[in-house]
Amino acid sequence: AAEADVVFLPYQSLLHGPTREALGINLEGAIVIIDEAHNAVDAVNDMHGARITATSLDAAGTAVQAYLKRFGDRLNAGNLRNLHALAAVCTALRRGFPSSSSSSSTTSQPTSMTVNDFLFACSLDHVNLFKLVEYLKESRALRKMAGYGKGVAGAVNPAAARAARGA
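Residues numbered from 1 in each chain as written. Predicted model: local features only at pLDDT ≥ 70, side-chain atom pairs only at ≥ 80, totals over all residues. Heavy atoms only, no water.

**Remarks on the pattern of salt bridges**
Two side chains with opposite charge may pair up if their charged atoms get near one another.
Here is step 1 of the chain: Per the stated rule, a full pass over the model turns up 1 salt bridge.
Here is step 2 of the chain: Among the salt bridges present, the one from Asp-58 reaches Arg-94, with a minimum N-O distance of 2.8 Å. Within this pair, whereas Asp-58 is found in helix α4 (residues 54-71), its partner Arg-94 is found in helix α5 (residues 77-95), the two being separated by 36 residues in sequence.
Here is step 3 of the chain: Given a relative accessible area of 36%, Asp-58 falls into the partly exposed group.
Here is step 4 of the chain: Using a relative accessible area of 23% as the deciding quantity, one classes Arg-94 as partly exposed. (Salt bridge = Lys/Arg side-chain N within 4 Å of Asp/Glu carboxyl O. Helix = DSSP H or I, 4+ residues; strand = E, 2+ residues; numbered from the N terminus. Buried < 20%, exposed > 50% of the residue type's maximum accessible area, 1.4 Å probe, protein only.)

Quick look at the structure:
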C-alpha cells in the first residue's frame, strides 16, 4: 500500500468507514487534522441521513409488491418475511407523508427523532430495521427488484426503457 505524509480529502471520505476502506485509507497510528471541523457534524448527518419523497416511497412500494407478486411463490420463508417487512415499511412511511391533494399551503419541516420513536410513530415497532437493512445488503434484493422493475417498465413502455439505457 502507498504511504503519504499529507492527504487531503472530503469529510465523507474520512469519516465514512466503508468509503475509507474502499479508498484504502488506514488511520491506524495517523494524526488526523480536520480543517473547519465545525462543518463535520453536518457532514456526518448528511452521510447517515436520508431524504425521501412520497414519489420515491410509492415507487419503492410498487416495486416490492410487483416483485412479491411475480416471485413470491419461489422465495424461501426468510426472504418472503423480509420483503413483506420492506413492503410494510414503505406503506407505513408513505402514510406519514401529506396527501398530494391536500389543500394545505404549509410545508412540513424536517424532523429528527430516535429510531425507537420513529418506529412507534410509524407503527413499525415490530420491524427490526437494522436486520432488514442487513438482509437487503447481503441478499442484494434491491438490485434484483430494480432489475425486475426495469424489465417490467420496458415491457410496458419500450421507448422509455431505451431512453433510460441511453439507446
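**What about the nonpolar core?**
Here is step 1 of the chain: By size, the foremost hydrophobic cluster in this structure holds 23 residues, and its most contacted members are Leu-83, Leu-86, Val-89, Leu-124, Val-127, Leu-132 and Met-145.
Here is step 2 of the chain: Broken down by secondary-structure element, the contributors of at least two residues to this core are α4, α5, α7 (129-139) and α8 (141-156).
Here is step 3 of the chain: Looking at this core, the element that brings in the most residues is α5, giving 7 residues. (Core = buried A, V, L, I, M, F, W, Y, C linked by side-chain atoms within 4.5 Å.)

**Thoughts on α7**
Here is step 1 of the chain: Turning to α7, its buried residues are Leu-129, Leu-132, Tyr-135, Leu-136 and Ser-139. Down the axis of α7, the buried set is contained in an arc of 120°. They therefore lie on one face. Facing away from the buried side of α7, by more than 90 degrees, are the exposed residues Phe-130, Lys-131, Lys-137 and Glu-138.
Here is step 2 of the chain: The N-cap residue of α7 is Asn-128: its side-chain oxygen and the backbone nitrogen of Phe-130 are 3.1 Å apart.
Here is step 3 of the chain: Arg-140, located one to two residues past α7, shows a positive phi value of around 60°. (Arc of directions from axis to C-beta. Polar contact = N/O pair within 3.5 Å; in protein donor to acceptor, adjacent residues only side chain to side chain.)

**So, the packing of aromatic side chains**
Here is step 1 of the chain: Scanning the model with the defined rule gives 3 aromatic pairs in all.
Here is step 2 of the chain: For the pair Tyr-67 and Phe-71, a centre-to-centre distance of 4.8 Å together with 45° between the ring planes defines the contact as tilted. Taken together, the residues span about one helical turn, with Tyr-67 and Phe-71 both in helix α4 at a distance of 4 residues.
Here is step 3 of the chain: Since its relative accessible area comes to 18%, Phe-71 is described here as buried.
Here is step 4 of the chain: Centroid distance Phe-71 to Tyr-148: 5.1 Å. Interplanar angle 75°. Geometry classified as edge-to-face. On the criterion of sequence distance, the pair formed by Phe-71 in helix α4 and Tyr-148 in helix α8 is long-range, its members being 77 residues apart.
Here is step 5 of the chain: Note on Tyr-148: relative accessible area 23%, which makes it partly exposed.
Here is step 6 of the chain: Site record: aromatic cluster; members linked through ring pairs are Tyr-67, Phe-71 and Tyr-148. (Phe/Tyr/Trp six-rings, centres within 6.5 Å; stacked < 30°, edge-to-face > 60°.)

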